[in-house]
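Here is what each chain is made of, one letter per residue.
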Amino acid sequence: MKFIVIGITDHPKPFFTPEVMEIIKSGKVFSGGKRHHEIVGSLLPTDAKWIDITVPLDDVFEQYISLTSEVIVFASGDPLFFGFANTIQRKMPEAEIVVYPTFNSLQMLAHKLVMPYHDMRIVSLTGRPWPEFDKALIERATKIGILTDREHTPAAIAQRMLNYGYNHYKMNVGEHIGNPSLEKVSTLTLEEAAKCEFSMPNCVILTSDATLPPRRFGIPDSEFALLDGREKMITKMPIRLLTLQAFELPKKHVFWDIGFCTGSVSIEAKLQFPHLQIEAFEIRPECEAIMHENCRRFGAPGINIHIGDFLEQDLTDLPRPDAVFIGGHGGQLKAIINKVLRVIAPEGVIVFNSVTSPKVTTDSHQLWDEACAELGLHQEPPLRLELNDYNPIEILKSTIQI
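These figures come from a predicted structure and were not determined experimentally. What you see as residue numbers is a count from 1 along each chain, following the sequence as written. The model is predicted, so local features are restricted to residues of pLDDT at least 70 and side-chain atom pairs to those at 80 or more, both for listing and for counting; the totals for chains, interfaces and linings are taken over all residues. Neither water nor hydrogens contribute to the side-chain values; these are computed over all heavy atoms in the structure.

> Could you clarify how one ought to interpret the sheet that holds strand E11 (residues 254–258) in this entry?
Where strands meet in a sheet, backbone hydrogen bonds hold them as pairs that are either parallel or antiparallel. With respect to topology, seven strands assemble into an open sheet ordered E13-E12-E11-E14-E15-E17-E16, the strand pairing being mixed. Two strands bound the open sheet, and with one partner strand each, they are strand E13 (304–307) and strand E16 (379–385). Strand-to-strand twist of the sheet, defined as the mean angle between neighbouring strand axes without regard to direction, takes the value 15°. Whether two residues are in contact is decided by their heavy atoms, any of which lying within 4.5 Å being enough. An axis is simply a line fitted to the C-alpha atoms; with a helix, the fit covers only the stretch in contact. Between two such axes, the angle follows the N-to-C directions and lies from 0 to 180 degrees. Helix and strand definitions here come from DSSP, where helices need a minimum of 4 consecutive H or I residues and strands a minimum of 2 consecutive E residues; each element is numbered from the N-terminal end. With respect to the sheet, helix H11 (residues 286–298) is in contact with strand E12 (277–282) and E13, its orientation differing from that of E13 by roughly 165°. In this analysis, strands are considered paired if DSSP registers two or more bridges between them.

Here you go:
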């Protein structure tokens, strides 16, 4: 099957080369969004068949598959730039695709601003969640181009940045780029943008001329909001960093923090490895506000919080973890590990910090050993640490064997 994908802008009177006009004139089946049909409808043959591109896309592709002729698809901008040609490749990898692109909206906005864009970090929030945008912020990208939608609006983007302390940017918003009668370009502070309404479609370029604060490597314990002000209820910074190294996180994707308390391990993991999807669990409801406060304080958006007894949590809809830290167990260590084993990915890693203390009657290292033996887990050699006047800690690790 053959697709000819033609890129268009929002201009109500689009210009096409003679080659493309011949393709349109001889076409029989066309497809695109409703807005695309409004723009090109007058150029189509009178007997043309039109297939609206709407969700669910499976229905659209079922119509394509039933056809015997080629399909001419109209798509916004460059169809290979987060565009519909990519979708065709994914859904119908054997299809022949010919692309006639035009400038995408971020390119056109950069042209309006006379802004070089070779160094721009691109993020699409069109029908996508926040993680890639959060990653760009944490990694201190100085120029970020963003494709928006009706949920991830310029105002919502600006407010998220302000919530997490990323206020060293200005926001350039392009509305109806390519449509001479509706086009509007604005340059605003984040505070101004957060209070504005913008017409769709729009796109955003964030720029920062200021020196962005450096990424932290190891946050001092004293800077965290604590549970009841108790300094002992936090994994100490050197222990935190050594614990994270045990996971080999550059190669991991989904990190679970069970018993997060103040959130120090989750936050440190997110700041050092912003590609991670982090799911944090805690039984104490008062810790939810503490986690939110610390995430805002240290600029760590995107950590998903689950409050309640882990052993009663429904994990069905969560992605399989390949790195699990057990920071608290309430005497249920074996039961927690057993539940983790039902969902953990092959070659996933479980890490537990055992504290040796004369005040504790139950040896947590012994609980770990017993659980590993009963559940058939391979243990790696423990790492024993003594930090200042604190009780000795052993970092215990098990890697799931395939």
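> Would you mind showing me how to read the pattern of salt bridges here?
Pairing between side chains of opposite charge can happen when the charged atoms of each approach one another. What counts as a salt bridge is simple: a side-chain nitrogen of Lys or Arg found within 4 Å of a carboxyl oxygen of Asp or Glu. Applying the stated criterion to the full structure yields 18 salt bridges. Its salt-bridge partner being Lys25, residue Glu22 comes within 3.5 Å of it at the nearest N-O pair. Residue Glu22 and its partner Lys25 are both found in helix H1 (residues 18–26); the two are separated by three residues, about one turn of the helix. Here the term buried applies to any residue with accessible area under 20% of the maximum for its type, exposed to any over 50%, and partly exposed to those in between, with areas from a 1.4 Å probe on protein chains only. The class for Glu22 is partly exposed, based on a relative accessible area of 46%. Taken together, the salt bridges that share partners define one network made up of Arg121, Lys135 and Glu139.

> What's the story with the nonpolar core in this structure? I'm lost.
Note that soluble globular proteins tend to have their nonpolar side chains buried in a common cluster. Nonpolar cores are built from buried Ala, Val, Leu, Ile, Met, Phe, Trp, Tyr and Cys residues. Side-chain atoms within 4.5 Å join them into one set. With 61 residues, the main nonpolar core has Phe133, Leu206, Phe255 and Ile267 as its most contacted residues. No other element matches the five residues that H11 contributes to this core. In contact with Ile267, other than residues within four places in its own chain, are Ile219, Phe224, Thr262, Met291, Asn294, Cys295, Phe298, Ala300 and Ile303. Core analysis: the next-biggest nonpolar cluster, separate from the first, contains 23 residues, Ile258, Ile344, Ile350 and Trp368 among them.

> Please explain the environment of Trp50 as it appears in this structure.
Along the chain, the position of Trp50 falls in strand E3 (residues 49–52). Taking the C-alpha atoms as reference points, Trp50 and Ser364, separated by 314 residues in sequence, lie 67 Å from one another. For Trp50, the contacting residues outside a window of four places in its chain are Phe30, Ser31, Gly32, Gly33, His36, His37, Val40, Leu44 and Phe74. Each polar contact in these results corresponds to two N or O atoms within 3.5 Å; when the atoms are within protein, one needs to be able to donate a hydrogen and the other to accept it, and residues that are neighboring in sequence are counted only if both atoms are side-chain atoms. At a separation of 2.9 Å, a polar atom in the side chain of Trp50 contacts the side chain of Asp52.

> Whenever I open this one, unusual backbone geometry confuses me. Can you help?
For residues besides glycine, phi is generally negative; the peptide bonds are generally trans as well. That bond from Val55 to Pro56 is cis: its omega, 0°, falls within 30 degrees of zero. Among the structural elements, Pro56 can be located in the loop between E3 and helix H3 (57–65). The step from Met200 to Pro201 runs through a cis peptide bond, and the omega angle for that step is 0°. With a phi close to 50°, His176 is a non-glycine residue in the positive phi region. Considering the arrangement of structural elements, one finds His176 in the loop between strand E8 (170–175) and strand E9 (184–189). Residue His176 is classed as buried on the basis of its relative accessible area, which comes to 14%.

> Mind showing me how you'd approach H1 here?
Within the sequence span of H1, burial applies to Val20, Ile23 and Ile24. The buried residues of H1 occupy an angular sector of 95° when the element is viewed end-on, so they sit on one face. Of the residues in H1, the exposed ones pointing more than 90 degrees away from the buried face are Pro18, Lys25 and Ser26. Where H1 is buried, its residues touch strand E1 (2–8), strand E2 (29–32), strand E4 (71–76) and strand E5 (96–100). Here the arc refers to the set of directions running from the helix axis out to each C-beta atom.

> Looking at this model, I keep getting lost on the sheet that holds E8. Mind explaining?
Reading across the sheet, the five strands line up as E6-E7-E10-E8-E9 and stay open at both edges, with mixed pairing between neighbours. Looking at the sheet topology across the chains shown, the edges are occupied by strand E6 (121–124) and E9. Averaged over all pairs of adjacent strands, the angle between strand axes in this sheet comes to 20°, irrespective of strand direction. With five bridges connecting them, strand E7 (residues 143–147) and strand E10 (residues 202–207) associate as antiparallel partners. Within E10, the residue paired with Gly145 across the bridge is Ile205. Running at roughly 60° to E10, helix H5 (residues 105–113) makes contact with E6, E7, E8, E9 and E10 of the sheet. Set on the sheet, helix H7 (residues 154–163) makes contact with E7, E8 and E10; between it and E8 the angle comes to about 170°.

So yeah, pure geometry; function would need other evidence.
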